Amino acid sequence: MPESLNTTPAARLAAVKSRIDAACRACGRTATDVTLVAVSKTHPPEAIARLADQGQVDFGENYVKEATTKIQSLSDRTLFWHFIGHIQSNKCAEIARHFDWVHSVERVKTARRLSDAALEAGRILNVMLQVNLDGGGNKSGVSPASLPALIDDVAGFDGIRVRGLMAIPEPSPNEARQRETFAALRRLRDDAAKSFDGLEYLSMGMSADLESAILEGATHVRIGTALFGPRDYSR
Ligand SMILES: *Cc1c(COP(=O)(O)O)cnc(C)c1O
C-alpha cells in the first residue's frame, strides 16, 4: 500500500475504516459488527499511541516479549490486546496475564495452559481457534477435520471462553479465491455453533483482503500494513 506511506496515522485509520464501511454496506452488514484489530507488531509504542489518540482501542501483537514491553508502557490507556502469533507453551502464562484475546489457539495443551494461567491471574481469556484452511500459508492451525474434537476438548476449560475461529489463508490476489476460503471458515463456524454455544466470531481478513473477509462474515479483521505502513524486520 505505497500510497499510505506519506499520510498521517489519522488518515490511514480513516481510510481503513471507510474500506470496512464500504464492504459492510455492500453486503448489508453494520460496520459496528466488525472489530478492527490494529496489528502493531514491529511498530513502537509511540505509533500505537498515535492510533489510540484517534480512538483505536484494539491492538494485535505476535511476539510475547515485544508485546509485553509495549503493553506495559501503554498501561495508562484502556486498550484491548489480541495475541495473534504462534504460541509457545512456555509463554502461555505471560500471554494469559497481558492479553484479553488470543486468536491463535490450535492445540489442547496450549488451551489448558492458557486456561490455568488465566484462572491463576483471576481473569477469563477470550479465545479463537485457529484453523488451517488450505494447508498453506504458515501451516498453523487445526485441520478442519480435527476442529470438532478440539472444541470438545477445550469446552470445559474454565479460564478461557471459546468465542470463534481464526484463519490466515494463503494470500491470493484472486477475489473469488479469497472469498471461497473465507466462506469455508464461516461454514465451519456455522456447523460448530450448532452444538457449541458462544461460537460467534470470525477473525479473518488482513490489509490485502479485508473486503472479501467482511463479505463472508468476518467479525474481526487484523490490519497491520494499511494502518502502520510496511514493517521493517531489520531493526
Ligand atoms: C502481521 C499479521 C497481520 C497483519 O497483516 P497485514 O497484511 O500487514 O495487514 C494479520 N494477522 C496476523 C496473524 C499477522 O501475523
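Our subject in this report is the structure included herewith. Values in this document were obtained by computation on a predicted structure and should not be read as measured data.

Cut-offs and rules
Residues numbered from 1 in each chain as written. Predicted model: local features only at pLDDT ≥ 70, side-chain atom pairs only at ≥ 80, totals over all residues. Heavy atoms only, no water. Near = heavy atom within 4 Å. Polar contact = N/O pair within 3.5 Å; in protein donor to acceptor, adjacent residues only side chain to side chain. Areas by Shrake-Rupley, 256 points an atom, 1.4 Å probe, with all protein chains shown as cover. 1 Å grid on protein atoms, 1.4 Å probe; cavity = no way out; pocket = protein on both sides within 12 Å on 5 of 7 lines; lining within 4 Å. Sits in = over half its atoms within 2 Å of the grid points. Nonpolar A, V, L, I, M, F, W, Y, C, P; charged D, E, K, R; others polar. Points joined across faces, edges and corners; volume = space filled by probe spheres on them. Helix = DSSP H or I, 4+ residues; strand = E, 2+ residues; numbered from the N terminus. Expected span 1.5 Å × (residues − 1). Buried < 20%, exposed > 50% of the residue type's maximum accessible area, 1.4 Å probe, protein only.

### A few points about the site of the ligand
In step 1: If you check the shell around the ligand, you find V39, K41, N62, I84, I168, M206, S207, R222, I223, G224, T225 and R231 and nothing else.
In step 2: In this structure, an oxygen atom belonging to the ligand sits 2.7 Å away from a side-chain N or O atom of K41.
In step 3: Residue R231 places a side-chain N or O atom 2.8 Å away from an oxygen atom belonging to the ligand.
In step 4: When the free accessible area of the ligand is taken as 390 Å², the share hidden by the protein chains comes to 89%.
In step 5: Structurally, the ligand is housed in the largest pocket.
In step 6: Split by residue class, the shell around the ligand holds 5 nonpolar, 4 polar and 3 charged.

### Remarks on empty space enclosed by the protein
In step 1: For the structure on display, the rule yields 2 cavities of 30 Å³ or more.
In step 2: Empty space within the second largest cavity amounts to approximately 30 Å³.
In step 3: H86, I87, S104, E106, R107 and T110 are the residues that line the second largest cavity.

### Here's the deal with helix 7 (residues 175-193)
In step 1: Under the 1.5 Å per step criterion, the end-to-end length of helix 7 is 27 Å for 19 residues, consistent within 8% with the ideal 27 Å.
In step 2: For helix 7, the set of buried residues is Q178, T181, F182, A183, L185, L188, R189 and A192.
In step 3: One side-chain oxygen of the residue at the start of helix 7 lies 2.8 Å from the amide nitrogen of A176, identifying that residue as N174.

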